[in-house]
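Below, each chain spelled out in residue letters.
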Amino acid sequence: MSNFAFNNPAFQQQDPRNVATYPGNPQAAQGAQAASFQHAGVDAAVNAQLEGMYAAPPAGAIETDRMTVEDTVWKTAALFGILLVTAAIGWVFTLGGLAVPRFDPYSDFAPNLLPWMIGALGGFVLAMVVTFTSRKKVRPALIFAYAAFEGLFVGGISAYFEVLWPGIVFQATLATVSVVAVTLALFASGKIRASARMTKIVMVAMLGYLVFSLLNVVLMWTGVNQNAFGLLSERPFLGIPLGLIIGVLVVLMAAYSLVLDFDQIQQGVRNGAPRTYGWLGGFGIMVTIVWLYIEILRMIAIARSN
């Protein structure tokens with residue numbers, strides 16, 4: 001599994017010989033109905049009732065209290081709505097109200113990094129809390145809070161990069177939306193699917209990149225490496241900055257993580273997971289998309305600085 005947000009039995013593929021069902025889910029309901037019909041027999045009244053059930057519109061997530069793809073999409077959209085609102089707040093506070101149309105990258109501009117730091121720290125803590133407590137109970141309030149903190153972080157870092165490279169936020173947003181749209185289209189058409197072997201390869205690569213990123217942070221904090229984009233990011237390889245090559249690989253990993261997210265949400269729907277698990281699905285998608293956006297933002301900054 002690529003996204004730790006889906007480390008929950010509700011999103012795992014079940015053994016067909018021993019299917020774990022939730023109380024009242026479709027599997028349990030079908031078994032109960034079959035037994036009832038066998039003992040009671042089929043008469044005219046039952047046939048009329050069945051015809052009425054088939055003629056009725058299909059039950060949605062609210063009626064069944066089960067997770068559906070449509071309901072998860074709306075929950076995901078609501079989380080991104082919260083993120084955008086707090087991102088605007090983070091943007092304004094990062095700029096500190098400075099009304100300058102364009103900043104010189106080498107000027108003495110001193111942004112307010114407090115929204116960036118608060119958002120990053122709060123988002124990380126809440127992500128860990130949501131991940132390790134969701135196996136017992138999904139708490140939407142914690143996911144809302146995560147979206148709010150993540151918005152502060154995204155808004156703060158976006159404002160900072162926009163000051164140095166005007167137009168970079170629009171470029172990164174357009175690229176992120178394009179990657180997500182293409183990935184979703186390929187997944188919906190069945191042209192791309194997750195495989196166990198590929199998932200293991202991506203997991204190893206992601207763990208390696210995580211260690212590499214943590215090493216960059218430590219080296220910057222200790223003053224060993226002053227490059228804001230990371231260790232060796234501007235070293236050329238075949239005439240291309242190494243940071244760009246690494247960035248492309250990370251974007252591919254994030255895109256595959258999205259495929260896994262979509263697949264695991266479908267699995268949760270098939271398992272008859274409770275409706276509240278849709279919030280967990282939206283949380284997982286948000287984690288991946290924010291990671292994708294930040295990586296694309298960094299790639300464009302490296303390209304424009306060179």
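See the structure shown above.
Being a predicted model, the structure only gives us computed values, none of them experimental.

Moving on: the overall build of the chain. Per the secondary structure count, the chain includes 10 helices and two strands. Each helix (α) and strand (β) of the chain, taken in turn from the N terminus, gives the series α-α-α-α-α-α-α-α-β-β-α-α. Counting all 306 residues of the chain, 40% fall into the buried class. Within the chain, residue pairs in contact and separated by at least 24 positions form 82% of the contacts whose partners lie at least 6 positions apart. Total accessible area on the chain is roughly 17,200 Å²; 69% of this is exposed by carbon and sulfur atoms.

Next up on the list: the environment of S158. Mapped onto the elements of the fold, S158 is located in helix 6 (residues 140-164). Each C-alpha atom of the pair S158 and T94 lies 9.3 Å from the other, and the pair is 64 residues apart in sequence. Every residue in contact with S158, bar those within four places of it in the chain, is listed here: W91, V169, Y293 and L297.

Moving on to the nonpolar core. Counting 46 residues, the largest nonpolar core has I143, Y146, F161, I168, F283, M286 and L297 as the members making the most contacts within it. Where this core is concerned, the elements lending two or more residues are helix 4 (69-95), helix 5 (114-133), helix 6, helix 7 (168-188), helix 9 (242-270) and helix 10 (277-305). Looking at this core, the element that brings in the most residues is helix 10, giving 17 residues. Ignoring sequence-local partners within four residues, the contact set of I143 consists of L79, V130, V138, W279, L280 and F283.

As enumerated under the stated definition, the model contains three salt bridges in all. Between D71 and K75 there is a salt bridge, with the nearest N and O atoms lying 2.4 Å from each other. You can see D71 and its partner K75 sitting in helix 4, four residues apart, about one turn around the helix. Each member of the pair, D71 as well as K75, is classed as buried. Close ionic contact of E295 with R298 constitutes a salt bridge, the shortest N to O distance being 2.6 Å. Taken together, the residues span about one helical turn, with E295 and R298 both in helix 10 at a distance of three residues. Each member of the pair, E295 as well as R298, carries the same accessibility label: buried. Each of D71, K75 and R275 takes part in a single network of salt bridges with overlapping partners.

Let us now look at a nonpolar patch on the surface. Taken together, V85, I89, V92 and F93 make up a surface patch of nonpolar side chains, about 380 Å² in accessible area. Examined against the element boundaries, V85 turns out to sit in helix 4. What makes V85 exposed here is its relative accessible area of 52%.

Residues lying three or four places apart along an α-helix face the same way, a consequence of the helix completing one turn every 3.6 residues. Its 20 residues give helix 5 an end-to-end C-alpha distance of 28 Å, which sits within 8% of 28 Å, the value for a rise of 1.5 Å per residue. Of the surrounding elements, those touching the buried residues of helix 5 are helix 4, helix 6 and helix 10.

We classify D71 as buried; its relative accessible area is 12%. Polar side-chain contacts of D71 include one of 3.3 Å to the side chain of R275.

Structurally, I302 is set in helix 10. Given a relative accessible area of 0%, I302 falls into the buried group. The spatial distance from the C-alpha of I302 to the C-alpha of L244 is 7.0 Å, given a sequence separation of 58 residues.

Turning next to helix 7. Its 21 residues give helix 7 an end-to-end C-alpha distance of 30 Å, which sits within 8% of 30 Å, the value for a rise of 1.5 Å per residue. Considered for burial, the residues of helix 7 that qualify are I168, V169, A172, T176, V180, T183 and F187. Viewed end-on, helix 7 has its buried residues packed into an arc of 100°, placing them on one side of the element. Turned more than 90 degrees from where helix 7 packs its buried face, F170, V177 and A188 sit exposed. Positioned one or two residues after helix 7, G190 has a phi angle of 80°, which is positive.

Quick notes on the rules
Residues numbered from 1 in each chain as written. Predicted model: local features only at pLDDT ≥ 70, side-chain atom pairs only at ≥ 80, totals over all residues. Heavy atoms only, no water. Helix = DSSP H or I, 4+ residues; strand = E, 2+ residues; numbered from the N terminus. Buried < 20%, exposed > 50% of the residue type's maximum accessible area, 1.4 Å probe, protein only. Contact = heavy atoms within 4.5 Å. Areas by Shrake-Rupley, 256 points an atom, 1.4 Å probe, with all protein chains shown as cover. Core = buried A, V, L, I, M, F, W, Y, C linked by side-chain atoms within 4.5 Å. Salt bridge = Lys/Arg side-chain N within 4 Å of Asp/Glu carboxyl O. Patch = residues over 30% accessible without salt bridge, like charges linked within 9 Å, V, L, I, M, F, W, Y side chains within 5 Å. Expected span 1.5 Å × (residues − 1). Polar contact = N/O pair within 3.5 Å; in protein donor to acceptor, adjacent residues only side chain to side chain. Arc of directions from axis to C-beta.

Keep in mind these values describe shape, not function.
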